[in-house]
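# Descriptive analysis of the structure
Single-letter residue listing:
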Amino acid sequence: MELYRSHVLVCGGTGCTSSGSRNIMDEFNSELEKHNMQNEVKVVGTGCFGLCEVGPIVIVYPEGAFYSHVKVEDVPEIVEEHLLKGRIVTRLLYHDSIAEDQEIKSLDEVGFYKKQMRLALRNCGVIDPENIDEYIAFDGYKALGKVLTEMTPEQVIDTIKASGLRGRGGAGFPTGLKWEFTRNAVGDKKYVCCNADEGDPGAFMDRSILEGDPHSVVEAMTIAGYAVGADQGYIYVRAEYPIAVKRLTIAIAQARQYGLLGKNIFGTDFSFDIELRLGAGAFVCGEETALMASIEGRRGEPRPRPPFPAVKGVFSKPTLLNNVETYANIPQIILNGPEWFRTIGTEKSKGTKVFALGGNINNTGLVEVPMGTTLREIIYEIGGGIPGGKKFKAAQTGGPSGGCIPAEHLDTPIDYDSLTQIGSMMGSGGLIVMDENNCMVDIARFFLDFTVDESCGKCPPCRIGTRRMLELLDKIVEGKGEDGDIEKLEVLAKNIKASALCGLGQTAPNPVLSTLRYFRDEYEAHIKEKRCPAGVCQALLSYFIVAELCKGCGLCAKNCPVNAISGERRKPYTIDTDKCIKCGVCMEKCPFAAIIKQ
Amino acid sequence: MKSLSELEEIRKRTLESVNLRKDRSGTRVVVGMGTCGIAAGARPVLLSFIEEIKKRNLQDVTVTQTGCIGVCRYEPMVEIYRPGEEKVTYVKMTPEKVKRVVAEHIVNGRSVTEFTIGAVEK
């Protein structure tokens, strides 16, 4: 292996790739060649660094210079100044990575990373995910070696049980127990599956793990195969994740080539192999029974449980099904021991959780924190707060199955149980931040619209019930709400929760219930006063010109597409609300901010 | 893959090359690469540092470059930082001198006084 004096790490996660990081890599390579430095400096494509907001990101070692918003045109300058002459290009450095004395801070000291603890994401942004050797260099496949040569399957299961690891897919079922059930189930053949059908709007942690560290999942599944007695694994991954699919394919091929998948791994009599199954983008296929039906090649529809997958899963054989992030924790637990893992997190939720930060937040991106971190720390310290200094209103966790957390619970330590208690849920880890300009009724409507769209239609409570709820919400946001609508929503929600077939239907009413719990006044304002307090619902808004502020320039009238604004020059103009189509152009054009909507 | 030792072999081999991305500690070799340094032959000096470090399989040593150190007439100049020690500045370096510096200073911890700026200034 060549020794290089400098490494240029270019983020190859989905976010940075779509803003052109491939071209940046190519440009680095050709610029390095131009300066004849290709044997001194190595360019590495990595997984997600987490701080997607400032991408594309390039980190240059050994200095650890963190360049943000890098453009192809910037590359020649970085190569010539930094790599050739050793002068760091300060103008491109991420602003928070420069200390007061102008020195570069180590990444751990940057606000975004300081409070984080990266276990599942430990290799993301550090290794080249398409190179198995780099994974091995950071202790990869060591856990598998230890398991196969030193431990019995029972010991492996006991270790996972003792660690307190719970499923990261959302429900938080103890992982060790699941493994034990699958091991104890009777069957001539067993399967190990990985749920990589990440479908929640705004969630991208599984994707980033698969893109940044695919071998961790391959290794963990092989360990699981040994523990439960399976010789075949399936990873069910969305076809909409082309980079993840590509890197998984490469990872599996490399593992096979090294004999880390296949027959007689490490010279033992244990054999295991993994295949990919691509999902076609149905949200319901993230539900375990639907997912397994889809793996078998049948239509992705859930079925009643029990029997649980541990007893009767893929091809009616006992099957272990875990989420990507759950697997990513396994090798570390084996290597460092369950006691180490138990020291992280809260009493009932051990370890860390990855959250995908989105919505109205400064540092959009991927963060991993110990369980028990408060929402305030995540949003204000790691996330950098809300743009424009606006007021925090609520955060949605758990996507369309979860609920919102209002400002009064900002200091609740986040774990599985505390979130359930305040009416939300951990879910897969999407965390959408909403500020004072978001209408909670509109948010609930958005999520319900999503579930109505994604309902598979097998059971009536979900197929018909959620649609009726959506119709009620549509009515409310259009200003046609009536007394009793809220109560109808509540009855429907209760019944759907109690009677739907699978998790998708049972949790679909959650966004409505939790917004009703914390923001009932907003629903009432829509229904009784026909007013949207946040100023979002178009049907309930009217535009007005404040006479004292209007200078009579006429710009608004000139730009109004329906001629709803009239007036005399140098005198206050007025809007004819009957003609107005509420496009908002006048408000944008007014140089004196004299137009308001309410 | 037949055995754990094979895995360990790959791990060690690759770790050398990715170690760079871990925290910055250990010995730092900084080569002056301003226009003056480059003109005086800093590049072969830099390359032979990399070469020597690789040959001796030294862990925890990074080679970086910097701009003009300021005493252009003594270029190529190299500064070596070892944790807890004063920095040592070598002047008028050549690939031959690099071999001795690596062997005596970086490996054995004794600076090569005759190559340092102090010796030349006298």
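About the cut-offs
- Residues numbered from 1 in each chain as written.
- Chains lettered and ligands numbered in written order.
- Predicted model: local features only at pLDDT ≥ 70, side-chain atom pairs only at ≥ 80, totals over all residues.
- Helix = DSSP H or I, 4+ residues; strand = E, 2+ residues; numbered from the N terminus.
- Rg over C-alpha atoms; globule rule 2.2 N^0.38 Å.
- Buried ≥ 20, exposed ≤ 12 C-beta atoms within 10 Å, placed from the backbone.
- Contact = placed C-beta atoms within 7 Å.
- Core = buried A, V, L, I, M, F, W, Y, C linked by C-beta atoms within 7 Å.
- Domains from an automatic or database assignment.
- Pairing = 2+ DSSP bridges.
- Nonpolar A, V, L, I, M, F, W, Y, C, P; charged D, E, K, R; others polar.
- Axes fitted to C-alpha atoms, helices over the stretch in contact; angles between N-to-C directions.
- Parallel < 35°, antiparallel > 145°, perpendicular 65-115°, else oblique.
- Arc of directions from axis to C-beta.
- pLDDT = per-residue confidence, 0-100.
- Left-handed = near helix turned anticlockwise from the far one by under 90°.
- Expected span 1.5 Å × (residues − 1).

## Things to note about the overall build of chain A
Scanning chain A from N- to C-terminus turns up 23 helices and 17 strands. Taking 2.2 N^0.38 as the reference for a compact globule, 598 residues should give roughly 25 Å; the C-alpha atoms of chain A span a radius of gyration of 27 Å, in line with that estimate. For the C-alpha atoms alone, the extent of chain A along its principal axes is close to 90 × 65 × 40 Å. Put simply, chain A has 598 residues, and 54% of those count as buried. Of the contacts formed within chain A by residues at least 6 apart in sequence, a portion of 72% connects residues at least 24 apart.

## Some details on the nonpolar core
By size, the foremost hydrophobic cluster in this structure holds 202 residues, and its most contacted members are A:V58, A:C193, A:V217, A:I223, A:A395, B:V31 and B:F49. In terms of residue count, the dominant contributor to this core is helix α10 (residues 214–228) of chain A (nine residues). Not counting chain neighbours up to four residues away, the residues in contact with B:F49 comprise B:V29, B:V31, B:V63, B:V98 and B:V102. Membership of the second largest hydrophobic core comes to 13 residues, among which are A:I545, A:A564, A:C590 and A:I595.

## Section: the domain arrangement of chain A
Entries for chain A in the domain assignment read domain 1 (6–107), domain 2 (132–341), domain 3 (352–435), domain 4 (440–528) and domain 5 (542–597). Each of domain 2 of chain A and domain 5 of chain A was reduced to a C-alpha centroid, and the two centroids are 60 Å apart.

## Notes on the pairing of strand β12 (residues 403–406) of chain A
Residues and elements named next belong to chain A. The sheet contact formed by strand β11 (residues 392–397) and β12 spans four bridges and is antiparallel. Looking across to β12, one finds that T397 is bridged to G403. From the end of β11 to the start of β12, which pair antiparallel, there are five residues, and G398 there has a positive phi angle of about 75 degrees.

## Topic: the interface of chain B and chain A
Contact residues are listed per partner, giving 28 residues for chain B and 31 residues for chain A. For the side of chain B that touches chain A, the secondary-structure elements that each account for two or more residues are α1 (4–18), α3 (42–55) and β2 (61–66) of chain B. With ten residues, the single largest contributor to the side of chain B that touches chain A is α1(B). Of the residues that constitute the side of chain B that touches chain A, the class distribution is eleven nonpolar, nine polar and eight charged.

## Some details on the sheet that holds strand β4 (residues 88–90) of chain B
Residue and element names in this part refer to chain B. Taking strand neighbours across the sheet as the criterion, the four strands line up as β2-β1-β3-β4 in an open arrangement whose pairing is mixed. Strands with a single pairing partner mark the edges of an open sheet, and in this sheet they are β2 and β4. If you compare each strand with its neighbour and ignore which way they point, the axes differ by 20 degrees on average. Sheet topology places strand β3 (residues 78–81) next to β4; three bridges connect them, and they run antiparallel. Bridge pairing in β4 places E79 opposite T89.

## Digging into the sheet that holds strand β4 (residues 65–67) of chain A
In a beta sheet, neighbouring strands are held together by backbone hydrogen bonds and run either parallel or antiparallel to one another. All names here are of chain A. With mixed pairing, the four strands of this open sheet are ordered in space as β2-β1-β3-β4. One side of each edge strand has no neighbouring strand; the edge strands of this open sheet are β2 (41–46) and β4. Neighbour-to-neighbour, the strand axes of the sheet open up by a mean angle of 20 degrees, direction not taken into account. Pairing between strand β1 (residues 6–11) and β2: six bridges, direction parallel. Directly across from V8, in β2, lies its bridge partner V43.

## Remarks on the packing of helix α9 (residues 205–212) of chain A against helix α13 (residues 324–336) of chain A
Residues and elements named next belong to chain A. At a closest axis distance of 9 Å, the pairing of α9 and α13 adopts a crossing angle of 45 degrees. As judged from the angle between their axes, α9 and α13 are oblique. Together, M205, D206, I209 and L210 of α9 and V324, E325 and A328 of α13 make up the contact between the two elements. Grouping the amino acids of the contact of α9 with α13 by side-chain chemistry returns five nonpolar, no polar and two charged.

## Comments concerning helix α15 (residues 375–382) of chain A
All names here are of chain A. Those residues of α15 that sit buried are L375, I378, I379 and I382. Along the long axis of α15, the arc covered by the buried residues comes to 120 degrees, so they all point the same way. Of the residues one or two after α15, G384 is the one with positive phi, at around 75 degrees.

## Structural notes on the confidence of the model for chain B
The pLDDT averaged across chain B works out to 85; a share of 94% of its residues lies at or above 70. Reported confidences for the modelled complex are a pTM of 0.87 and an ipTM of 0.76.

## Some words on the packing of α10(A) against helix α11 (residues 242–257) of chain A
Residues and elements named next belong to chain A. Axis separation between α10 and α11 bottoms out at 9 Å; the angle between their running directions is 55 degrees. Here α11 runs oblique to α10, going by the angle between their axes. Here the hand of the crossing between α10 and α11 comes out right-handed. Contacts between α10 and α11 involve P214, H215 and V218 on the former and, on the latter, R247, L248, A251, I252 and A255.

## Side note on the environment of B:E52
All names here are of chain B. Considering the arrangement of structural elements, one finds E52 in helix α3. Overall, the presence of 22 C-beta atoms within 10 Å leaves E52 in the buried class. As for E52 and R100, which are separated by 48 residues in sequence, their C-alpha atoms are 9.9 Å apart. Every residue in contact with E52, bar those within four places of it in the chain, is listed here: V98, K99 and V102.

## Digging into unusual backbone geometry
Residue and element names in this part refer to chain A. Along the chain, Y61 connects to P62 via a cis peptide bond; the corresponding omega equals 10 degrees. For P62, the position within the fold is in the loop between β3 (58–61) and β4. Going from R305 to P306, the amide bond is cis rather than trans, its omega being -5 degrees. With respect to the helices, strands and loops of the structure, P306 is situated in the loop between α12 (288–295) and β8 (319–323). The backbone phi angle of K530 is positive, close to 50 degrees, even though this residue is not glycine. Relative to the helices and strands, K530 is located in the loop between α21 (510–528) and β14 (543–545).

## A closer look at α1(B)
Between the first and last C-alpha of α1(B) there are 21 Å, a value that for 15 residues agrees with the 21 Å anticipated at 1.5 Å per step. Within α1(B) the residues assigned to the buried category are B:L7, B:T14 and B:V18. On an axial view of α1(B), the arc spanned by its buried residues comes to 45 degrees, and they lie on one face. Among the exposed residues of α1(B), those oriented more than 90 degrees off its buried face are B:S5 and B:E9. Buried residues belonging to α1(B) abut α5 (132–137) and α6 (142–150) of chain A.

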